[in-house]
Amino acid sequence: MGARRQKRILVIVIVAWAAFLALGLRYVNGYWFFFDLPDRSGWAGEGDERHYLDRHAFIVKDALLEIDSEKYYFDREGFVYTGEIELDGSVYYFDERTGAMRFGWIERDGDRYYHDEEGRKIIDCVYTIGGRDFLFDAGGAEVVGLVSLDGEYYYFEPMEGKLVNSEKPVDGAWFYFTEDGSRFGTGWLALDDGRTVYYDGENGLLFGEQDIDGLPYLLNISRGGRMTGTVYYKGEVYTISEDGVVEDRQRLPLWKGIDVSVHQEEIDWALVAESGVQFAIVRAGYLDSEGLPVFVPDSRYVENALSAQENGISVGAYVYLYNYTQDGLAEGLVSFHEYTVENRIRLDLPVFLDVEDKEYFKPGTDELGGYGYMTAFVREGMDGLRALGYEAGFYTFQQWANNEFDAEGLYKAGYPFWLANWFGNNEDLDPATLSWNKTAQPSLWQYRATGEVPGIHKETDMDYLYWDRIPH
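Residues numbered from 1 in each chain as written. Predicted model: local features only at pLDDT ≥ 70, side-chain atom pairs only at ≥ 80, totals over all residues. Heavy atoms only, no water.

Colleague: Please clarify how the overall build of the chain should be interpreted in this entry.
Modeller: Summing up its helical and strand segments, the chain has 7 helices and 34 strands in all. For the chain, buried positions account for 46% of its 472 residues. Of the contacts formed within the chain by residues at least 6 apart in sequence, a portion of 51% connects residues at least 24 apart. Just so you have it, the chain exposes about 24600 Å², and 48% of that area is on carbon and sulfur atoms. (Helix = DSSP H or I, 4+ residues; strand = E, 2+ residues; numbered from the N terminus. Buried < 20%, exposed > 50% of the residue type's maximum accessible area, 1.4 Å probe, protein only. Contact = heavy atoms within 4.5 Å. Areas by Shrake-Rupley, 256 points an atom, 1.4 Å probe, with all protein chains shown as cover.)

Colleague: Hey, could you run me through the sheet that holds strand β13 (residues 142-143) in this one?
Modeller: Sheet strands line up and pair through hydrogen bonds in the backbone, either parallel or antiparallel. The antiparallel open sheet is built from 3 strands, whose spatial order is β11-β12-β13. Of all the strands in the sheet, just β11 (125-129) and β13 have a single pairing partner and so form its edges. Relative to β13, strand β12 (residues 132-136) is paired through 2 bridges, and the arrangement is antiparallel. Within β13, the position partnered with L135 by the bridge is V143. (Pairing = 2+ DSSP bridges.)

Colleague: Sorry, what's going on with the layout of surface pockets here?
Modeller: Gaps between atoms show up when a probe of the same size as a water molecule is rolled over them. Of the pockets and cavities examined, the largest pocket occupies roughly 540 Å³. Together, 26 residues line the largest pocket, and I345, R346, L347, G389 and Y390 are the ones closest to its centre. Top element by residues in the lining of the largest pocket is helix α4 (residues 329-342). It accounts for 4 residues. Broken down by class, the residue content of the lining of the largest pocket amounts to 14 nonpolar, 6 polar and 6 charged. (1 Å grid on protein atoms, 1.4 Å probe; cavity = no way out; pocket = protein on both sides within 12 Å on 5 of 7 lines; lining within 4 Å. Points joined across faces, edges and corners; volume = space filled by probe spheres on them. Nonpolar A, V, L, I, M, F, W, Y, C, P; charged D, E, K, R; others polar.)

Colleague: Explain empty space enclosed by the protein to me, please; I cannot follow it from the model alone.
Modeller: Counted by the stated rule, this structure contains 1 cavity of 30 Å³ or more. What the largest cavity holds in volume is close to 100 Å³. Surrounding the largest cavity, 13 residues form its lining, I221, V231, Y232, Y233 and Q309 being those nearest its centre. Among the secondary structure elements, those contributing two or more residues to the lining of the largest cavity are β22 (215-219) and β23 (229-233). Among the elements that take part in the lining of the largest cavity, β23 stands out by supplying 3 residues, more than any other. Looking at the lining of the largest cavity, its residues break down into 8 nonpolar, 4 polar and 1 charged.

Colleague: In this structure, what is going on with the pattern of salt bridges? I would like to understand it.
Modeller: With the rule as written, the count across this model stands at 18 salt bridges. Among the ionic pairs, E84 bridges to R108, the shortest N-O distance being 2.8 Å. With E84 in strand β7 (residues 83-87) and R108 in strand β9 (residues 104-108), the pair connects residues that are 24 residues apart, well separated along the chain. We classify R108 as buried; its relative accessible area is 19%. (Salt bridge = Lys/Arg side-chain N within 4 Å of Asp/Glu carboxyl O.)

Colleague: Mind showing me how you'd approach the sheet that holds strand β24 (residues 236-240) here?
Modeller: Judged by pairing direction, the sheet is antiparallel, and its 3 strands sit side by side in the order β23-β24-β25 without closing on themselves. Because the sheet does not close on itself, it has two edges, and the strands there are β23 and β25 (246-251). Across this sheet, the average inter-strand angle for adjacent strands is 20 degrees, counted without regard to direction. Across 5 bridges, β23 lies against β24 in antiparallel orientation. Along β24, the bridge assignment pairs Y233 with E236. (Axes fitted to C-alpha atoms, helices over the stretch in contact; angles between N-to-C directions.)

Colleague: What's the story with the packing of aromatic side chains in this structure? I'm lost.
Modeller: Each pair of aromatic rings is reported with the distance of its centres and the angle of its planes. Summed over the entire model, instances satisfying the criterion amount to 40 aromatic pairs. Ring geometry for Y318 against W418: centres 6.0 Å apart, planes inclined by 70 degrees, an arrangement best described as edge-to-face. You can see Y318 sitting in strand β29 (residues 314-321) and its partner W418 sitting in strand β32 (residues 417-420), a full 100 residues away along the chain. Pair check on accessibility: Y318 and W418 agree, each one buried. (Phe/Tyr/Trp six-rings, centres within 6.5 Å; stacked < 30°, edge-to-face > 60°.)

Colleague: What is the right way to look at α4 in this model?
Modeller: Residue pairs three or four apart in sequence face the same way in an α-helix, which turns once every 3.6 residues. Taking 1.5 Å as the rise per residue, α4 with 14 residues should run 20 Å; its terminal C-alpha atoms sit 20 Å apart, in good agreement. Among all positions of α4, only L329, G332, L333, F336 and T340 are buried. With its buried residues spanning 100 degrees around the axis, α4 presents them on a single face. Within α4, the exposed residues directed more than 90 degrees away from the buried face are A330 and E342. (Expected span 1.5 Å × (residues − 1). Arc of directions from axis to C-beta.)

Colleague: Help me out: how do you make sense of a negative patch on the surface in this one?
Modeller: Among the surface-exposed residues, E107, D109, D111, D124 and D137 lie close enough to one another that they form a single negatively charged patch. Among the secondary structure elements, D137 is positioned in the loop between β12 and β13. (Patch = residues over 30% accessible without salt bridge, like charges linked within 9 Å, V, L, I, M, F, W, Y side chains within 5 Å. Lys, Arg positive; Asp, Glu negative; His and termini not counted. Charge placed at Lys NZ, Arg CZ, Asp CG, Glu CD.)

Colleague: Explain the packing of α4 against helix α5 (residues 370-387) here, please?
Modeller: In a packed pair of helices, the relevant descriptors are the angle between the two axes and the axis-to-axis distance. It is at 10 Å that the axes of α4 and α5 come closest, and there the two elements cross at 35 degrees. Crossing handedness for the pair α4 and α5: right-handed. Residue-level inspection shows L329, L333 and F336 of α4 in contact with α5, the latter providing F377, E380, G381, G384 and L385. Classifying every residue of the contact of α4 with α5 gives 5 nonpolar, 2 polar and 1 charged. (Left-handed = near helix turned anticlockwise from the far one by under 90°.)

Colleague: So what exactly am I meant to see when it comes to the pairing of strand β8 (residues 90-94) here?
Modeller: Looking down a regular strand, the side chains alternate between one sheet face and the other. Among the 5 residues of β8, 5 are classified as buried, and the element is accordingly described as predominantly covered. On β8, burial covers both faces: S90, Y92 and F94 on one face and V91 and Y93 on the other are all buried. Of the pairings in the sheet, the one linking β7 to β8 comprises 5 bridges and is antiparallel in character. Within the sheet, the bridge partner assigned to I85 lies in β8 and is Y92. Two successive antiparallel strands, β7 and β8, enclose a turn made up of 2 residues, where D88 displays a positive phi of approximately 55 degrees.

Rendered as structure tokens:
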């Protein structure tokens, strides 16, 4: 028995000794030391079946763990979790590919969400991010557009948050959002850009002729600002007081005007108005059948149109045609329209198609078909402009009007005609001297190409507009 007992004791000692060694017990320089176990932590497995082993090589389960400065969640079976999950009353999101907790803006399924610095999803509140206020719904998705909160309307811009001290178009009407973001209601409002405008409750910014508190006003048709002084609009001359009330208006059948483009460079429209100019046809740009984009805007279109209107001058536009093929015509006109709307331009005179470039139109060729083709093409372009909401006309020289397409037929069909007949004219002609043919006279006459106008540093085309010849 003694020998067996000794053997058992020896076995126990050996096992214990091995265990102590395995657990880190060491004898160094005559002393016993206990060292930590080797760290056996790390990732195991691949993809959705990845585990994480702790320092003892045990699988981490049902825990939120920070690993290399990233946070991960492991489910009850120890697999790394991906996607959205609620933990302790807050919602977190773990990257679908890496499993790491996501922070900040996250876009999923067409919506945007925000998770704070702790990873918690922001839900059902207005939350400030980078100094801007954002609105999130009950599911945490960013809310954009016009929103009613506590009886007030606010507008939340995607990625920009709540608008403050800003104008914004909503469903075709313009509104102003004040310093606290609430929508301005009804009344006059002085804006930082110098305009004094009127907002009419849910109808938004008012334009053009308006009766406000029983008084007549003429508001800028593009930007809505209150007008003063002498203003030309839809065939009438308005006399307006300093407070914007219309004091007098008279029909004016004949107007004196100009047409301009980037060629005239920067224009002082206040001086132009003081000189007696009543209307301006400004180049919007040109259509191109060979290059892209199909509509190329004149670099001074926006400036010329808006500045002329601000100074009481009535404004129309022309689009130069390099494009004489049907391919791209409709697309080009839509691009012109989108550019015009984007820049808040409203025109009170027609948009004219400028038909004059023989380099791009070759009468009689098989691909374009000459006289009949050109007549149909110009009509198609004007109908396209009408479909976009514009009064539409055409411009050409007298020789083209007589020989290259049926200008008279288009005019008699109800399209305003702007005739260029200025060769050899270097002075301001009598508007009664215009002669085109015996049966029809144009709506506008470009009678001189060498005009000198205060506020314009280069020679300028001069025009007359005959209001009784604008088809209605």
